[in-house]
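Descriptive structure summary
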Amino acid sequence: MITARAAHTFEPVGRSVAAARAFVRDTLQGWGFGDVVDDAVVLTSELVTNAVVHAGTAAEVVCLRSGDGVRIEVSDRYPEREIPLQSGGVQMGSPDREGGRGLQLCAALASRWGVEYSPAHKHVWFRLDLPERQVGTRAAGPSVSTELLPLADDRVRVAVIQIDSEGAVSAWNDDAQELFGYPAKQIIGQPLTDHAAWPHTPGTSTGIVDALRLSRWEGSYGIRAADGRVVPVYASHLRVRDPQGDPSTVCLLVRDDERAVLATPQRGAAPEAAHRADGQSSDPFETFIGSPAPDDLDGLLQRTVERSRDMLDGDAAFLLLATDDETELEVRATTGLPSARQRFARVPVDTGSGRYGTARMPAVHEDLAAVPGAVPLLDGTGMRSVVTVPLKVEGRLTGSLGVAAEGSGRYSNEEALRLQFAADRIALAVESARLGELERLRRGSLSFLVEASDLLAGTLDRDQTLALMAQMTVPTLATWCAVYTIADTASEPYLSYVLHEDEERIDGLKELLGRIEPPEPVPTPGARIWPAPARAAHEAALEASVRSLDDEPHHLGSGISSTLTTAASVGGETVVLPLVARNRVIGMLVLGKPSEDHFRQENLELAEDLSRRAALALDNSRLYSERMAISQSLQRSLLPPELPEVPGVEVEVIYRAAGEGNEVGGDFYDLFSIPGGAYGFAIGDVCGTGPEAAAVTGLARHALRLLAREGYSGPAVLERLNNAILDEGERSRFLTLLYGELRPQQDGGALLKVVCAGHPLPLRLRQDGSVQPAAEPQPLLGVMDDLELYEQTVRLEPGDVLLCVTDGITERREGSRMLGDDGLAEVLRGCTGLTAGAVASRVMRAVERFAADSPSDDMAILTMRVPEPQRN
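Computed from a prediction, not measured in an experiment: that's the story for all the values here. (Residues numbered from 1 in each chain as written. Predicted model: local features only at pLDDT ≥ 70, side-chain atom pairs only at ≥ 80, totals over all residues. Heavy atoms only, no water.)

Quick look at the confidence of the model for the protein
In this model, the protein carries a mean pLDDT of 81, and residues with pLDDT of at least 70 account for 84%. The low-confidence segment residues 200-206 (pLDDT under 50) makes 9 contacts with residues lying over four places distant or belonging to another chain. Between residues 266-282, whose pLDDT stays under 50, and residues either more than four places distant or in other chains, the model counts 20 contacts. (pLDDT = per-residue confidence, 0-100. Contact = heavy atoms within 4.5 Å.)

Next comes the structure, spelled out in structure tokens:
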């Protein structure tokens, strides 16, 4: 039988949810249904949210009272037909999903529930039955066996102490005298703080005085007895007023091991009972959070703020987690606030002296307008009253939970006590989830840094290093990234690379950054805020909006849209990390977030580690590039200029220096004109490879040209070169050299005078395919002082080829096999009829295919061929 009815219609606006919660709470409390108020408010909040926020229609809430319970109906004008069935075999989806969550809560909390449809309306109803209890019983615990009852002395003594508004003892009963040894006349009038041994929390200046000012408080501390010992007690404080309106506090105290005498019983079944008779959990944590509880930290925190907001009929709620050093709090979950703007923002734990200036103690602000900045998170949100409580685990601050309302004077110490009770129930679960998240983040960070180090160490190219730096941070650590480089101490920072997770925004971002001054190159480690990009983006968006108002709608171009898009992507938090290598700032790494977004501290610490590795890699690439440029410039100076054309003779050269980045090694070649219509040619091999061998190469090549053009014969040229090499002392290296003079003949042939000083013998290929050495071996250069060298004369007939190589060709190896002189001769026999260029190419291909490994020695090939006369 329906004994009372209350109804109200709420408009489709966000504030209607809070108004609906207040309506249901006031109605049920007025009916005396306090036992089901919390469940009713939670379910109403979810259903009205679905109507006015998600469906966007007005919502009508009807409360119907009967003798044994209450039925609440929520109606909207969005008759969605898909509903989850109540049968056990149907999966209702994730409880963290927005759609359908209200119905899942109905199934979990309500005694009965259902959905009814009409052509234009949908009615969701639920019924909550009142718990059965004896008449006159406000709350009762379970019946348990005698063995499970708590132990106590033969007589349980309860000290009743009254504290006046000044904190002095005004009443002291006989049990207090028995417990602590003080007669009433000795202690009345003395401050209780003189006898209380209050547990001190590091970093706060609060104590029992603050506890005595709360409307209700329970907890443990100690009382110093008359004999000097401290008696641990469990206390229950209740704040009261006398008929004149003066406040005082009544304290009930028992021995700490008898706390069950005063401890407030839990709602419903005892904590020992894992489940109620109907199978539903009665665990305090699940009672507050709901079952099943979210298995991830973000979901748990979001559920916590929503439940806290509903519990205190607030307009907003927030939860912040403390950093490891307990100096700052990081915003992790909000409801009713612009969460995108606030997420991961940081506020200090201690903002002033006293209990209202620290997050370590509960605090109630009746009107934030009277104390601007008292809760920085709520600045500019329109919230007036707020209650905040700490989350603590084993005495350590792990977070702060708060509920706020738009009206002033909404909260008192009573709400602080209720919220603290809830915070104590969830603190351990939150800390456990937070530690699990940190462990996953740290493992991911280590993997990220290992991979980043491998990638950065794998290149010495400057441009590729810049690209890797940006690609490793976007989108893992930031939405966009820019790298500024500094060439030297006298140079200004230069914007070298820009990357955005949306490639279409890169050009706009680069243009925006190009219009503002680069960040100051400060060597101080760590990330620092750089407001210039967000400010420039805001100004650009404002200018674009003003222009759009002045233009006709059909004249609006894509430029305004692009400007606004860029502004939104750069309008969040921007940080700068210095790139410091070898005690010098070589650049800056800039990371940015989109509008109203903040960085997580863990990501900033990871970015700082990455910036140190990236700075060293960037500096290494710079040094490598500089040295490569110098090396290549010097090496190119050692190579001969463009080879002259020899009348009647084909000449081809192939040169390969061993080692990455080497253009010149220990092998060298040359072909140059000398007086009398002749041409000097040389091919040699200095002992070793690399820069040291290249230095002797330059000496040999320039000396050969100088001496040959002075008219010296081949043996005289080599003997003087030998002396020059020996004059180098310890820097000298022995040298094998094939030197000759080539004179084209009128009859079509060519006459050669050759000296082979320790070098592989030149091979002569005749037209019939036969191959013979074209010289005899003689001593190499750079070993002995006195050399007696001689030259040999060779005539090349039309069609003949002279092949000259260095030992990098003949000593090409594959395991125990070596190409050798015989192998080279075999290759040359197959080159009959080929041009000089074709012969050189075929020989080089044969050498490369002989072994799979890259050559370990320099290689040079010089071929000369007298072409056959053209036949008519």
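Observations regarding the environment of Ala197
Tracing the chain through its elements places Ala197 in strand 8 (residues 196-197). Distance from Ala197 to Pro232, taken between C-alpha atoms, is 8.8 Å for residues 35 residues apart in sequence. With sequence-adjacent residues up to four places away left out, Ala197 is seen in contact with Tyr221, Gly222, Arg224 and Val230. (Helix = DSSP H or I, 4+ residues; strand = E, 2+ residues; numbered from the N terminus.)

Here's the deal with helix 17 (residues 714-726)
Side chains of residues three or four places apart in an α-helix project in the same direction, reflecting 3.6 residues per turn. A rise of 1.5 Å per residue sets the reference length of helix 17, with its 13 residues, at 18 Å; its end C-alpha atoms lie 19 Å apart and thus fit the reference within 8%. Taken residue by residue, helix 17 has Gly714, Pro715, Ala716, Val717, Leu718, Leu721, Asn722 and Ile725 as its buried positions. (Expected span 1.5 Å × (residues − 1). Buried < 20%, exposed > 50% of the residue type's maximum accessible area, 1.4 Å probe, protein only.)

What to know about the packing of helix 1 (residues 15-30) against helix 2 (residues 37-55)
With their axes 9 Å apart at the nearest point, helix 1 and helix 2 run at an angle of 150° to one another. As judged from the angle between their axes, helix 1 and helix 2 are roughly antiparallel. Crossing angle aside, the handedness with which helix 1 passes helix 2 is right-handed. Contact with helix 1, carried on its side by Ser16, Val17, Ala20, Arg21, Val24, Arg25, Leu28 and Gln29, involves Val37, Asp38, Ala40, Val41, Thr44, Ser45, Val48, Thr49, Val52 and Val53 of helix 2 and no other residues of that element. A class-by-class count of the residues in the contact of helix 1 with helix 2 yields 10 nonpolar, 5 polar and 3 charged. (Axes fitted to C-alpha atoms, helices over the stretch in contact; angles between N-to-C directions. Parallel < 35°, antiparallel > 145°, perpendicular 65-115°, else oblique. Left-handed = near helix turned anticlockwise from the far one by under 90°. Nonpolar A, V, L, I, M, F, W, Y, C, P; charged D, E, K, R; others polar.)

Brief notes about the sheet that holds strand 9 (residues 216-224)
One open sheet accounts for 6 strands, arranged 7-6-11-10-9-8; its pairing is antiparallel. Either end of the sheet is taken by a strand with one partner, and the two such strands are strand 7 (169-172) and strand 8. Across 2 bridges, the pairing between strand 8 and strand 9 is antiparallel. Its bridge partner being in strand 9, Ala197 is matched across the sheet by Gly222. (Pairing = 2+ DSSP bridges.)

Quick notes on unusual backbone geometry
The omega torsion across Val474 and Pro475 is 0°, close enough to zero to call that bond cis. Tracing the backbone shows Pro475 in the loop between helix 11 (462-473) and strand 18 (480-485). Positive phi, normally seen in glycine, also occurs at Asp313, with a value near 55°. Checked against the element boundaries, Asp313 lands in the loop between helix 8 (297-311) and strand 12 (316-322). Overall, the relative accessible area of 10% leaves Asp313 in the buried class. We note that Asn583 has phi near 65°; this positive angle belongs to a residue other than glycine. With respect to the helices and strands, the residue Asn583 is situated in the loop between strand 21 (574-581) and strand 22 (584-592). Judged by relative accessible area, which is 80%, Asn583 ranks as exposed.

Thoughts on the packing of aromatic side chains
Scanning the model with the defined rule gives 5 aromatic pairs in all. With a centroid separation of 6.4 Å and 75° between ring planes, the pair formed by Trp172 and Tyr182 is classed as edge-to-face. Here the residue Trp172 occupies a position in strand 7, and Tyr182 occupies one in the loop between helix 4 (174-180) and helix 5 (184-187), the gap between them amounting to 10 residues. Residue classification places Trp172 among the buried positions, given a relative accessible area of 10%. Judged by relative accessible area, which is 10%, Tyr182 ranks as buried. With 5.8 Å between their ring centres and 50° between their planes, Tyr655 and Tyr669 make a pair best called tilted. Of this pair, Tyr655 sits in strand 23 (residues 650-656) while Tyr669 sits in strand 24 (residues 667-674), and the two are 14 residues apart along the sequence. Taken individually, Tyr655 and Tyr669 each receive the classification buried, so the pair is uniform in this respect. Here a set of aromatic residues connected by ring pairs shows up, and it is made of Trp172, Phe180 and Tyr182. Between Arg817 and the ring centre of Phe850, over which it is positioned, the NZ or CZ distance is 4.4 Å. (Phe/Tyr/Trp six-rings, centres within 6.5 Å; stacked < 30°, edge-to-face > 60°. Lys NZ or Arg CZ within 6 Å of the ring centre and 35° of its normal.)

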